[in-house]
Amino acid sequence: MTTAVPFPVQQPIGFEWLGDEPPFDADRHLQLEHPVERFVLQDLGYEADEISTKATDFAVSAPFRVLSDEGAAVMLQVGRKLREFHRPAGERIEQVVRGGCYRSRWLRDLCIDPTLTAHLSAIFGVAVAPHPMALHLGHLNYEPSSIDVAVDKWHHDTLPLDFVMMVTDPAQLSGGQFEWFHGSRHEAAELARRGERPPADRTVAPVFPGAGWAIALHGDMVVHRGAGLNEPGERITMVNGYVAADTSSDEQSRTVDLIGVDDPEVLYTEWAKFSAWRGAGRLQSVIDDLGFNADALAVADRLEDAIADVQQAIDQMRAGRSGRQMHYEHDNE
Ligand SMILES: [Fe+2]
């Protein structure tokens, strides 16, 4: 399965297609290669009980090629054209474009391409589908307006799985490297409580040979950031989100954190469809697997568990904004 929720046929209000784009052509624009190295959650210090509820034990990969030279050139053009739609993503990162797949047909068709999805399934070690929320497809990060701040604070993602791809050539930049912490979220949180950040000797900054290269990431589990630039320069990265096709494992998204960040016109409908897809899959497993059982409470628990993601979405939508965005840097503390 390469689709969880089909990409919406209709565009949300306020989104227009870019003109003069080439059509996406997988044969010409993709150049898929496998990473030479892949880390698992155990390598980062996670315990078996935490790993067992996740769809995959995959943590993070070495860089691998996604786009051909021609594909990387189109991606850069698209990234530059979409820059005008940038907005802040809460307090964590200054300039992002979300919902770019509702503006660029090329970006949309890249992000939902079945060959690319199958390639990522192989790297993640589990069958995946493009994230049911199109806002999580083709997410673009841009350099901040000042070189005094990190491109993105140390954080883990609001979604389970993704790849982070260089849109600009990192060799043209001084600083601005993508970094991940060789440790768990718990360790990063403990460091943050002490007012510290991941130490350099436990930080990995993979070398990307060029634009169109990416790393695959268990974004919900691996703490990472875009480091600050030493000199001003154009830095664009693209993040494409995925979910495990099997709905039986943890959902691993913090969609509530997108309230106040994403366009409400888009967010709530996508969130509802995402939750409905999760609920549908988990309810189907009740139909398929539930054996005869006289224990009413146990059966009720199973049924409740099947709709937990739906109930949570309902509760969080009704409650509105709750909490602050999760990251591991509290400059005022
Ligand atoms: Fe991230």
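About the criteria used
Residues numbered from 1 in each chain as written. Predicted model: local features only at pLDDT ≥ 70, side-chain atom pairs only at ≥ 80, totals over all residues. Heavy atoms only, no water. 1 Å grid on protein atoms, 1.4 Å probe; cavity = no way out; pocket = protein on both sides within 12 Å on 5 of 7 lines; lining within 4 Å. Points joined across faces, edges and corners; volume = space filled by probe spheres on them. Helix = DSSP H or I, 4+ residues; strand = E, 2+ residues; numbered from the N terminus. Nonpolar A, V, L, I, M, F, W, Y, C, P; charged D, E, K, R; others polar. Domains from an automatic or database assignment. Disulfide = S-S within 2.5 Å. Polar contact = N/O pair within 3.5 Å; in protein donor to acceptor, adjacent residues only side chain to side chain. Donors = N, O, S within 2.8 Å, 3.2 Å for Na, K, Ca; no water. Buried < 20%, exposed > 50% of the residue type's maximum accessible area, 1.4 Å probe, protein only. Pairing = 2+ DSSP bridges. Contact = heavy atoms within 4.5 Å.

### Describing the layout of surface pockets
Empty space among the atoms becomes visible once a probe the size of a water molecule is rolled across them.
Line of reasoning, step 1. By volume, the largest pocket amounts to about 330 Å³.
Line of reasoning, step 2. The wall of the largest pocket is formed by 23 residues, among which Pro6, Phe7, Pro8, Tyr102 and Ala134 lie closest to the centre.
Line of reasoning, step 3. For the lining of the largest pocket, the element with the most residues is helix H7 (residues 264–289), which contributes 5 residues.
Line of reasoning, step 4. Residue composition of the lining of the largest pocket, grouped by class: 14 nonpolar, 6 polar and 3 charged.
Line of reasoning, step 5. Summarising the domain contributions, the lining of the largest pocket has at least three residues from each of domain 1 (26–247) and domain 2 (254–324).

### Quick look at the state of the cysteines
Line of reasoning, step 1. Enumeration according to the criterion identifies 0 disulfides in this entry.
Line of reasoning, step 2. Looking at the unpaired cysteine 101, the closest cysteine sulfur is the one in cysteine 111, lying at 4.0 Å.

### A closer look at the side chain of arginine 98
Line of reasoning, step 1. With respect to the secondary-structure elements, arginine 98 resides in the loop between strand S5 (93–97) and helix H4 (105–111).
Line of reasoning, step 2. In terms of polar contacts, arginine 98 uses its side chain to reach the side chain of histidine 139, at 3.1 Å.

### Digging into the coordination of the iron ion
Line of reasoning, step 1. Protein-derived coordination of the iron ion comes from His155 (NE2), Asp157 (OD) and His224 (NE2), at a distance range of 2.1 to 2.2 Å.
Line of reasoning, step 2. Every donor residue of the iron ion comes from the same chain, spaced as H-x1-D-x66-H. Neither histidine 155 nor aspartate 157 differs from the other in exposure class; each is buried.

### Some words on the pairing of strand S9 (residues 161–166)
Line of reasoning, step 1. Counting buried positions along S9 gives 6 out of 6 residues, so the element sits mostly inside the fold.
Line of reasoning, step 2. Burial of the side chains of S9 extends over both faces: Leu161, Phe163 and Met165 are buried on one face and Asp162, Val164 and Met166 on the other.
Line of reasoning, step 3. As defined by bridge partners, S9 adjoins strand S14 (residues 236–244) across 6 bridges and the pair is classed as antiparallel. For aspartate 162, the partnering residue across the bridge sits in S14 and is glycine 241.

### Overview of the environment of valine 286
Line of reasoning, step 1. As for its position among the elements, valine 286 is in helix H7.
Line of reasoning, step 2. C-alpha separation for the pair valine 286 and tryptophan 154, spaced 132 residues apart in sequence, amounts to 39 Å.
Line of reasoning, step 3. Residues contacting valine 286, with those up to four places away along its chain left out, are Arg302, Leu303 and Ala306.

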